[in-house]
Amino acid sequence: MASSQTKDSVHPGTPGPEKTFFGHPRGLATLFMTEMWERFSYYGMRALLPLYLVAPGGLHMNAATATAIYSVYVSLVYLLALPGGWFADRVLGPRKTVAVSAFIIMLGHLTLALPFSGTFFAGLGLVAIGSGLLKANISTMVGHLYDGPDDPRRDGGFTIFYIGINLGAFIAPLAIGTVGEKIDWHAGFALAALGMALGLGQYLLGGRHLSERSKVVPTPLSAAEKVSLLRKSAFWAALAIVFYAIVGFSGVYTLNWLLVPITLLGLVIPVLVIARIKRDKELDRTEQSRMTAYIWFFVAAAVFWMIYDQGGSTLSIFADSSAKNTVFGWNFPVSWYQSVNPVLIMALAPVFAWLWLALNRRGKEPSTAVKFASGLILVGASFFLFLAPLSIAGGGHKAAALWLVAIYFVQTVGELTLSPVGLSVTTKMAPAKYASQMMGVWFLAVTAGDATTGLLSLAGVDLNKTGIVALEAVLAVVAGVAVWMYRNKVRQLMGDVR
């Protein structure tokens, strides 16, 4: 709720009384609620997705196909964050782009709510497009509320905003998951649409509290560029329609004709984007060196997300078939496991923030490379831990729910040592020329990790097998040890960035 403090009380020198949101600009409440409802709809649908794909009352697919679809979908969301930022910069501006994206997300959930398998992938595609557009721009709008990077309220504002993300992610599986699993799958997707509709409604009503900078299109397309863009878009769209029409009418079409190209794009595009920036002759020697160091962090993050994001697919499908999903004899929906991570994030994030500051005061704070190494080793350890419930299930028994909670706990600790640090180091190491694009590049690490998972699943690899889980765990630990061994080399390449 908004407090009645004056703006002067939190930001001296600015005249006039104005309601604030916990001492921050009133527009933060609008963006907080928009993001909370968007995350509610996104994480609720995501919690249902793999379960709906394998359920006899859903699409009744095998686990490998369900994991592939889930992984391709998540990778696509993060892949589209890059063009989402470009679209706001060149076409609509952040404020209008977020409104359009929220409407597209709502429309996607409504399409998923239709009881027809034929409309399912169209709905999934709409949610991915809308989420990619929104993800790239709403954080930018939070930054617009403050007077530049030196505004003392800025970090606190982003912290409050981050709570909104995790609050929505925590509530979503409990509400949407319960409705979807216990009542009707499509009713669950409809509830996700309602959540996004509430978010869009309050966003439009609260728009007057947002910064005028959010309306601005920073580098609008010229008339000639618009014509060229429309022509190219029409050409590639027509090519895709003709290609898939030929494949469909020839009778050889399978789902892999759609999934494999998207998966390969999720691997190729991150490599091409990083290579393009690295080869740019306009970067000075210091920027080139930092980009070389950044490649270490990017690859490490891709390995991390490859395993971490299986918490919503591989672990969820395992819990559905092989776990005792009970607390004190009471059965709970499988989708509720997806609320474990956000509640742990909200509980542990302040602890980690305090820990890094306390160690920094003593001159003992670990370097960025050491933090990344720790995150990789922890996510690897979580999959070593996964071997225990897999073994129990292999013996014909149901694994206890606490095994899965323990896995999510270890992964969350790993996330807190790597993800916020990755966001921070991305902004610090970004070449000046690519300052606004580098956050999209960071998201591409998630794309690459999930695309790898999708490719393995499409190749027929069962990610719930002991040997594969052990191999992934070893890969993460080896990658973590490699980053730790070369930490001094990476630190040299980073220059004065710490």
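Rules used throughout
- Counting restarts for each chain: residues are numbered from 1 in the order of the written sequence.
- Per-residue local features of the predicted model are confined to residues with pLDDT of at least 70, and side-chain atom pairs are confined, for both listing and counting, to 80 or more; whole-chain, interface and lining totals are unaffected and use all residues.
- Derived side-chain values reflect all non-hydrogen atoms in the structure, with water molecules and hydrogen atoms excluded from consideration.
- Helix and strand labels come from DSSP, where a helix needs a run of H or I of at least four residues and a strand needs a run of E of at least two; each type is numbered from the N terminus.
- Between the two quantities, the radius of gyration covers C-alpha atoms and the globule rule is 2.2 Å times the number of residues to the power 0.38.
- Only protein chains enter the calculation, and the probe is 1.4 Å; a residue is then buried if its accessible area is under 20% of its type maximum, exposed if over 50%, and partly exposed in between.
- Every accessible area reported is derived by Shrake-Rupley at a probe size of 1.4 Å, with residue values counting cover from the shown protein chains alone.
- The charge count includes Lys and Arg as positive and Asp and Glu as negative, but it does not include His or the ends of the chains.
- By convention, the point assigned to a charge is CZ for Arg, NZ for Lys, CD for Glu and CG for Asp.
- Any Phe, Tyr or Trp ring, taking Trp's six-membered ring, that has another such ring centre within 6.5 Å forms a pair; planes under 30 degrees apart are called stacked, those over 60 apart edge-to-face, and the others tilted.
- Definition used: whenever NZ (Lys) or CZ (Arg) falls within 6 Å of the ring centre and also within 35 degrees of the ring normal, the charge is taken to sit over that ring.
- Buried residues of nine kinds, namely Ala, Val, Leu, Ile, Met, Phe, Trp, Tyr and Cys, make up a nonpolar core once their side-chain atoms join them within 4.5 Å.
- Residue contacts are counted whenever heavy atoms from the two residues lie within 4.5 Å of one another.
- Excluding any residue in a salt bridge, patches collect residues exceeding 30% relative accessible area, merging like charges within 9 Å and nonpolar Val, Leu, Ile, Met, Phe, Trp and Tyr side chains within 5 Å.
- We define a salt bridge as a contact between a side-chain nitrogen of Lys or Arg and a carboxyl oxygen of Asp or Glu at a distance within 4 Å.
- Note on method: axes are straight lines fitted to C-alpha atoms, helices fitted across the in-contact stretch only, with angles between N-to-C directions ranging 0 to 180 degrees.
- Oblique is the label for any angle not covered by the other classes, which are roughly parallel (under 35 degrees), roughly antiparallel (over 145) and roughly perpendicular (65 to 115).
- Crossing handedness is defined as follows: a turn of the near helix away from the far one that is anticlockwise and smaller than a right angle gives a left-handed crossing, while the clockwise case is right-handed.

Draft legend 1. Representation of the overall build of the protein chain in the model. Scanning the protein chain from N- to C-terminus turns up 18 helices and six strands. Rg of the C-alpha trace for the protein chain: 23 Å, near the compact-globule value of 23 Å for 498 residues, within the 12% margin. When the backbone C-alpha atoms are referred to their principal axes, the protein chain occupies close to 70 × 55 × 50 Å. Evaluated residue by residue, the protein chain yields a buried proportion of 50% over its 498 residues. When the accessible area of the protein chain is evaluated, it comes to approximately 22300 Å², of which 68% is carbon and sulfur surface. A distance of 3 Å separates the average location of the 37 positive side-chain charges in the protein chain from that of its 25 negative side-chain charges.

Draft legend 2. Representation of the packing of aromatic side chains within the structure. Across all of its chains, the model carries 25 aromatic pairs by this definition. Look at F120 and F121: their rings are 5.2 Å apart centre to centre, the planes differ by 85°, and that puts the pair in the edge-to-face class. Take F120: its relative accessible area is 2%, and that puts it in the buried class. Between Y244 and Y253, the ring centres sit 6.5 Å apart and the planes meet at 80°, which makes this aromatic pair edge-to-face. Here Y244 falls in the partly exposed class, since its relative accessible area comes to 28%. Linked through ring pairs, Y52, F120, F121, W185 and F189 together constitute an aromatic cluster. A cation sits over an aromatic face here: K371 above W356, 4.3 Å from the ring centre.

Draft legend 3. Layout of the nonpolar core. Core analysis: the biggest nonpolar cluster contains 100 residues, and Y73, Y294, Y337, F372 and L404 have the highest contact counts within it. In terms of residue count, helix α11 (residues 285-308) provides more of this core than any other element does, 13 residues in total. Contacts of Y337, omitting those with residues within four sequence positions, involve A319, A323, K324, N325, F332, A401, L404 and Y408.

Draft legend 4. Geometry of a nonpolar patch on the surface. A cluster of nonpolar side chains, contributed by I377, V481, W484, M485 and Y486, occupies part of the molecular surface with about 490 Å² of accessible area. Considering every element that reaches the nonpolar patch, the biggest residue donor is helix α17 (residues 466-485), with three residues. By secondary structure assignment, the location of I377 is in helix α14 (residues 368-394).

Draft legend 5. Fine view of the packing of α11 against helix α15 (residues 401-429). The interhelical angle for the contact between α11 and α15, taken along N-to-C directions, is 150°, at an axis separation of 11 Å. Relative to α15, α11 is oriented roughly antiparallel. Judged by the twist between their axes, the crossing of α11 over α15 is left-handed. Across the interface between the two elements, R290, A293, Y294, F297, A301, F304, W305, I307 and Y308 from α11 touch Q411, G414, E415, L418, S419, V425, T426, K428 and M429 from α15.

Draft legend 6. Local environment of the environment of L92. Looking at the element boundaries, L92 is found in helix α4 (residues 81-92). Under the relative-accessibility criterion, L92 is labelled partly exposed at 25%. Separated by 124 residues in the primary sequence, L92 and V216 place their C-alpha atoms 8.1 Å from one another. If we ignore the near neighbours within four places in the chain, the residues touching L92 are F87, T97, V100, K215 and V217.

Any link to function would need more than the numbers given here.
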